[in-house]
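The chain contents come next:
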Amino acid sequence: MRIVHLALVPFLLAAGTARAQDFLSCQLAPGWTQSEVVHSYTADNLYDYKDGGAEGYLIYGFAGMKSLNCKSGDDTLTIDVSEMSDADAAYGIFATNRDPRLPIARIGMGGQVQPQSASFAKGKYYVEIVVNSANPNMIHTAELQALVDKMARRIEGRETPPEALAWFPQENLTSAGLVPESVLGLKELKRGYVAKYKLGQAFIVLEDSPESAVAVLKNLRARFDGATDAKVGGEAFQVKAQYLDGICIFRKGRTLGGYANLPTPQEAAAQAAKLAARIP
Amino acid sequence: MKSKTSRRDFLSAGLILPVVGAGSSLGLMNLSAQTPAGSTGSARSANSPVKLSYKTLGKTGLKVTSVGMGCMITSDPSVVTRAADLGITYFDTARGYQHGNNERMVGAALGGKRKQVVLSTKTEARDKAGMAKEMDTSLSELKTDFVDVWYLHGKSSPSEIHDDMIEALQLAKQQGKARFVGISTHSNQQTLIPWMVQKGVFDVVLSAFNFSMDPAVEQAIDVAAKTGMGVVAMKVMAGGSRNQKLTQPGALLAALKWVTNHPSVATTIPSMTDMDQLDENLKAMAGPLTADDHKILAAHLEQIQPLYCRLCGKCDGACAQGLPVADVLRFLTYADGYGEFALGRERYLQMASEHVSARCGDCVECTVQCPYGVEVPKRMARAQELFA
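Residues numbered from 1 in each chain as written. Chains lettered and ligands numbered in written order. Predicted model: local features only at pLDDT ≥ 70, side-chain atom pairs only at ≥ 80, totals over all residues.

With that out of the way, let us pick up the domain arrangement of chain A. All names here are of chain A. Taken domain by domain, chain A comprises domain 1 (6–154) and domain 2 (163–278). Distance between the C-alpha centres of domain 1 and domain 2: 33 Å. At the junction of the two partners, domain 1 supplies 9 residues and domain 2 supplies 7 residues. Partitioning the side of domain 1 that touches domain 2 into residue classes produces 6 nonpolar, 2 polar and 1 charged. (Domains from an automatic or database assignment. Contact = placed C-beta atoms within 7 Å. Nonpolar A, V, L, I, M, F, W, Y, C, P; charged D, E, K, R; others polar.)

Put into structure tokens, the structure is as follows:
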């Protein structure tokens with residue numbers, strides 16, 4: 001038994017914040033009516049709904065999801081609202097799932113509206129909306145835009161992307177987001193922000209303390225043969241590695257940052273220096 | 001085919017399974033040889049030789065490493081590229097993963113190695129036209145002319161699979177867009193897989209399968225393999241449920257080895273996010289399941305046995321008061337296992353009123369005997385105490 005009525009489910013939203021029925025309602029979309037009771041999912045049964053895709057939610061600290069189906073004629077509108085561990089994680093899953101070829105709109109912390117789907121993150125909530133239309137060529141952009149605007153106004157929480165994303169140099173930036181574990185495919189860099197550029201990628205990892213950042217940098221350096229010192233931040237190294245190409249990793253206080261996948265370590269160090277200068 | 005209890009007895013006894021299924025072979029790869037000329041640095045974790053074991057994916061004839069790669073949560077393409085360089089030959093993604101971004105990443109990461117590996121993806125579309133459209137998008141994103149295996153994504157019942165979906169699969173094969181087709185499934189495999197075998201149009205099944213599952217799933221998988229269906233296992237490192245993670249040192253590797261050494265399973269697709277996980281998982285191909293591995297897994301089963309309902313359904317109708325035992329145990333898991341008391345309680349209260357008001361203490365003796373050792377009377381009484 002997986003179906004639960006919305007009014008009976010208090011777990012998704014914490015006390016003191018907006019109630020789910022304030023923003024998870026077909027009434028926010030004129031012409032659409034609720035066709036089923038609201039479905040609730042936890043980490044335990046998200047596989048029942050998202051199949052293997054559930055892992056992509058769990059890795060971002062998934063706490064729960066409510067799913068609402070609305071109907072208009074033969075068309076259905078599905079609204080999924082996921083509660084993540086924190087606002088950064090909500091932005092992280094949005095950034096991972098968004099279409100990187102399209103710009104991010106100012107909806108909550110960020111959002112995208114397409115002809116048959118929309119998504120945005122606000123506070124610790126990640127919202128996905130999909131229209132399944134009898135006519136797959138039908139354009140629903142305007143009504144989806146109106147719906148997400150109404151929902152975003154009703155959801156409480158942070159409206160700005162993670163602060164660290166603003167530290168990345170913006171020139172030639174193609175996308176940026178949160179990687180929940182193993183930044184650059186390296187387990188030492190547990191959770192951090194990654195910016196993709198037309199050439200190469202940059203990262204920022206916030207450690208708990210300068211001491212822990214020192215230890216991580218030491219472990220990282222030990223991983224790479226042939227690493228040499230670089231003059232970036234408080235301490236840094238650069239190296240040419242097989243899968244990360246030219247790479248430079250530095251520490252500035254408790255922050256680790258760097259560039260990878262550039263043609264040479266020297267170019268990585270030059271870019272890393274620009275990044276380090278932008279970190280407070 | 002093994003009896004339902006033999007595998008568990010076998011595991012508990014700490015005996016050793018055959019190394020790999022018939023037809024498997026071992027290859028030796030020195031990872032240190034992977035550093036390209038001209039590069040001055042390499043991931044140090046890659047400086048050890050690793051044996052690769054290969055199996056045949058049923059009647060498809062595809063040769064696959066017994067450890068493949070599930071790319072779903074991999075964020076950095078370097079991990080996929082390195083896995084291919086190290087010799088892993090099976091890579092799995094899906095149209096729906098990261099709203100299509102995962103396919104794009106995998107396609108870019110495999111690059112020129114695409115035709116040296118077996119590549120699978122999946123579709124969630126539910127009609128012929130939708131599936132055809134998704135296939136074309138998948139091929140475009142994966143930068144390839146064909147996929148080796150194309151799955152219907154996440155089915156748990158034959159009723160979810162319509163004739164036009166099967167037609168779309170067959171059409172993709174005829175058009176050369178998919179070499180082989182199958183279904184991925186997370187639940188109810190004991191019903192779905194025999195139906196797939198009977199239907200005779202599916203080449204491969206991708207199934208959740210691990211050492212802690214109901215033996216009925218294993219039986220279904222054994223039958224499928226014997227008929228020539230290729231079997232790919234996923235969720236191989238699950239240990240019951242989210243809160244029953246394998247925490248003992250060596251447990252994850254033991255769980256992976258349990259599946260890679262299973263004679264009916266051709267390959268597995270553990271998720272990997274970093275180079276160290278990749279190196280660790282490769283070890284599963286280096287040798288047999290050892291007595292120590294058996295002990296680790298048996299200890300885990302022993303630990304979860306009194307609590308973990310496998311939803312096998314064998315208790316259906318067994319309660320003298322007519323209680324839906326498996327449902328109640330599941331609701332209790334929400335509260336005890338996941339800290340979701342409110343959710344557990346509300347689902348409990350949605351049961352028929354006579355079930356909500358029933359008390360196990362009214363029975364002198366419990367008529368439910370769990371074949372896996374779940375302490376049913378104790379767990380049911382706890383649920384009634386918590387929720388009623």
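Residues and elements named next belong to chain B. One open sheet holds the 8 strands; their spatial order is S4-S5-S6-S7-S8-S9-S10-S11, and the pairing between them is parallel. Each edge of the sheet is formed by a strand with only one pairing partner; in this case those strands are strand S4 (69–70) and strand S11 (267–268). Bridging between strand S9 (residues 204–208) and strand S10 (residues 230–234) involves 5 bridges; their strand directions are parallel. The residue bridging Val205 from the neighbouring strand is Val231, located in S10. (Pairing = 2+ DSSP bridges. Helix = DSSP H or I, 4+ residues; strand = E, 2+ residues; numbered from the N terminus.)

Moving on, we come to the packing of helix H2 (residues 77–86) of chain B against helix H9 (residues 275–282) of chain B. Residue and element names in this part refer to chain B. The contact between H2 and H9 brings their axes to 10 Å, and the two run at 30°. When the axis of H2 is compared with that of H9, the two are roughly parallel. Once H2 is placed against H9, the crossing between them reads as right-handed. Of the residues in H9, those touching H2 at Val79, Arg82, Ala83 and Leu86 are Met275, Leu278 and Leu282. Classifying every residue of the contact of H2 with H9 by side-chain character gives 6 nonpolar, no polar and 1 charged. (Axes fitted to C-alpha atoms, helices over the stretch in contact; angles between N-to-C directions. Parallel < 35°, antiparallel > 145°, perpendicular 65-115°, else oblique. Left-handed = near helix turned anticlockwise from the far one by under 90°.)

Moving on, we come to the pairing of strand S12 (residues 235–241) of chain A. Residue and element names in this part refer to chain A. Burial analysis of S12 places 6 of its 7 residues in the buried class, the great majority of the element. Here strand S11 (residues 228–229) runs beside S12; their pairing, made up of 2 bridges, is antiparallel. Residue pairing across strands places Asp229 opposite Phe237, the latter belonging to S12. Count of turn residues in the S11/S12 antiparallel hairpin: 5 residues, of which Gly233 carries a positive phi of about 60°. When S12 meets strand S13 (residues 245–252), the two strands line up antiparallel, connected through 7 bridges. Each residue of the ladder has a partner; that of Phe237, found in S13, is Ile249. Where S12 folds back onto S13 in an antiparallel hairpin, the turn is made up of 3 residues. (Buried ≥ 20, exposed ≤ 12 C-beta atoms within 10 Å, placed from the backbone.)

As a further point, take helix H5 (residues 163–174) of chain B. Note: α-helices contain 3.6 residues per turn, so residues at a spacing of three or four share the same orientation. Residue and element names in this part refer to chain B. Helix length check: H5, at 12 residues, gives a terminal C-alpha distance of 16 Å against a target of 16 Å (1.5 Å per residue), a fit within 8%. Three or more residues of H5 are buried, namely Met165, Ala168, Leu169 and Ala172. Taken down its axis, H5 places every buried residue within 100° of arc, on the same side. Exposed and oriented more than 90 degrees from the buried face of H5 are Asp163 and Gln174. Along its buried surface, H5 packs onto helix H4 (128–142), strand S7 (147–152) and strand S8 (178–185). (Expected span 1.5 Å × (residues − 1). Arc of directions from axis to C-beta.)

Note on soluble globular proteins: their nonpolar side chains tend to be buried together. Ranked by size, the top nonpolar core spans 171 residues in total, and within it Ala90, Val148, Cys248 and Ala272 of chain A together with Val205, Val231 and Ala255 of chain B carry the most contacts. Residue contributions to this core peak at 7 residues, all from helix H4 (residues 87–97) of chain A. With residues near it in sequence (within four places) discarded, Val205 of chain B still touches Gly182, Ile183, Thr185, Ile193, Met196, Ala224, Met229 and Val231 of chain B. Core analysis: the second largest hydrophobic core is formed by 21 residues, Val328, Ala335, Ala358 and Val376 of chain B among them. (Core = buried A, V, L, I, M, F, W, Y, C linked by C-beta atoms within 7 Å.)

Next up on the list: the sheet that holds strand S14 (residues 255–262) of chain A. Residue and element names in this part refer to chain A. The sheet built from 7 strands is open, its strands ordered S8-S9-S10-S14-S13-S12-S11 with antiparallel pairing. Edge strands, defined here as strands with exactly one partner in the open sheet, are strand S8 (173–179) and S11. In the sheet, S8 pairs with strand S9 (residues 192–197) via 6 bridges, with the strands oriented antiparallel. Following the sheet pairing, Gly177 is matched in S9 by Val194.

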